[in-house]
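Fold and geometry: a report
Residue-level listing of the chains:
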Amino acid sequence: MVKIAPSILSADFARLGEEIREVEQGGADWIHVDVMDGHFVPNLTIGPLVVKAIRPHTNLTLDVHLMIENADAYIPEFAKSGADIITVHQEACVHLHRTLYHIKNQGVKAAVSLNPATPVSTLEHVLEDLDMVLLMSVNPGFGGQKFIPGVVRKIEQLKSMLAERGLADSVDIQIDGGINAETAPLVTKAGATCLVAGNAVFGREDRAGAIADIRKSCES
Ligand code: DX5
Ligand code: ZN
């Protein structure tokens, strides 16, 4: 079954604990935390303090998406704050292999994200070292953007690269950006196993209904 990871970027930050409990009760699988530095992406969001603050409010996997430069310097603090999986951007990591082992050495799962214009072939030599690949379906920086359909072909390419290496069942394929009940089936049919949804979940009063609608759309 596809995992759904609501992105707190679209939540009410003044009521973050309650927002997270609501989506947990509403059937979310993971909580997606978008960290932006104003350098790698043109927006500023949150740091390890917020991860630490939300940790006691949920038992769900805290899925921390670092859209930052110099990730190595901040990985230990995010790990200590309670991150279960840390995703770095291929485009922001000069020594990607080293960074992945830096994450794993903290006892945290390691993932890499690719922007819409970055080919999946850039991950060829680190696939064995990954727990997940995050393919962006918008240019990172903001919630509520429009889904870029080119990601579908990238999912298919990544899926066959993983299958060739016998990794299809052990590496998650996560899609992030513009996911809703219309776009979710396009990506799950292609092989996505985990969907991030910000606006589609927190933009609706009925969070459980929003999550159920995305799940249902993938079943048909
Ligand atoms: C974009 C972030 C996403 C974003 C998704 O830079 O990485 O996680 O919050 O939001 P929606 O689902 O609204 O596109
Ligand atoms: Zn994200």
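Residues numbered from 1 in each chain as written. Chains lettered and ligands numbered in written order. Predicted model: local features only at pLDDT ≥ 70, side-chain atom pairs only at ≥ 80, totals over all residues.

1. Side note on the overall build of the protein
- What the protein contains, in helices and strands, is eight helices and eight strands.
- For the protein, the C-alpha radius of gyration of 16 Å lies close to 17 Å, the compact-globule estimate for 220 residues.
- By its C-alpha atoms, the protein is 45 × 40 × 30 Å across when sized along the principal axes.
- Out of the 220 residues in the protein, the part that is buried amounts to 43%. (Helix = DSSP H or I, 4+ residues; strand = E, 2+ residues; numbered from the N terminus. Rg over C-alpha atoms; globule rule 2.2 N^0.38 Å. Buried ≥ 20, exposed ≤ 12 C-beta atoms within 10 Å, placed from the backbone.)

2. Considerations on the environment of Asn-43
- Its place among the elements puts Asn-43 in the loop between strand E2 (30–36) and helix H2 (48–54).
- Distance from Asn-43 to Pro-140, taken between C-alpha atoms, is 9.2 Å for residues 97 residues apart in sequence.
- Ignoring anything within four residues of it in the chain, the contact list for Asn-43 reads Met-36, Gly-38, Gly-141 and Phe-142. (Contact = placed C-beta atoms within 7 Å.)

3. A few points about the UniProt feature "binding site: a divalent metal cation" (unreviewed entry) in the protein
- According to UniProt, the positions carrying the feature "binding site: a divalent metal cation" (unreviewed entry) are His-32, Asp-34, His-65 and Asp-176. For the residues just named, distributed over 145 residues, the greatest C-alpha separation is only 10.5 Å, placing them together at one site.
- Inspection of the secondary structure puts His-32 in strand E2.
- Residue His-32 is classed as buried on the basis of its C-beta count, with 27 C-beta atoms lying within 10 Å.
- For His-32, the residues in contact, after removing those within four places along its chain, are Ala-5, Pro-6, Ser-7, Ile-8, Asp-63, His-65 and Val-196.
- Its location among the elements puts Asp-34 in strand E2.
- Discounting residues that sit within four places of it in the chain, Asp-34 has contacts with Ser-7, Leu-9, Thr-45, His-65 and Met-67. (UniProt positions renumbered as here; feature names shortened; annotations may be inferred.)

4. Some points on the sheet that holds strand E5 (residues 109–114)
- Across the sheet, eight strands lie side by side as E1-E8-E7-E6-E5-E4-E3-E2; this open sheet has parallel pairing. Both outer strands of the open sheet, strand E1 (3–6) and E2, are each paired with one neighbouring strand and no more. Across this sheet, the average inter-strand angle for adjacent strands is 25 degrees, counted without regard to direction.
- Relative to strand E6 (residues 132–136), E5 runs parallel, the two sharing four bridges. Within E6, the position partnered with Ser-113 by the bridge is Leu-134. (Pairing = 2+ DSSP bridges. Axes fitted to C-alpha atoms, helices over the stretch in contact; angles between N-to-C directions.)

5. Notes on the environment of Asp-213
- For Asp-213, the location among the structural elements is in helix H8 (residues 207–219).
- Overall, the presence of 16 C-beta atoms within 10 Å leaves Asp-213 in the partly exposed class.
- Through-space distance from the C-alpha of Asp-213 to that of Asn-180 is 8.4 Å; in sequence the pair is 33 residues apart.

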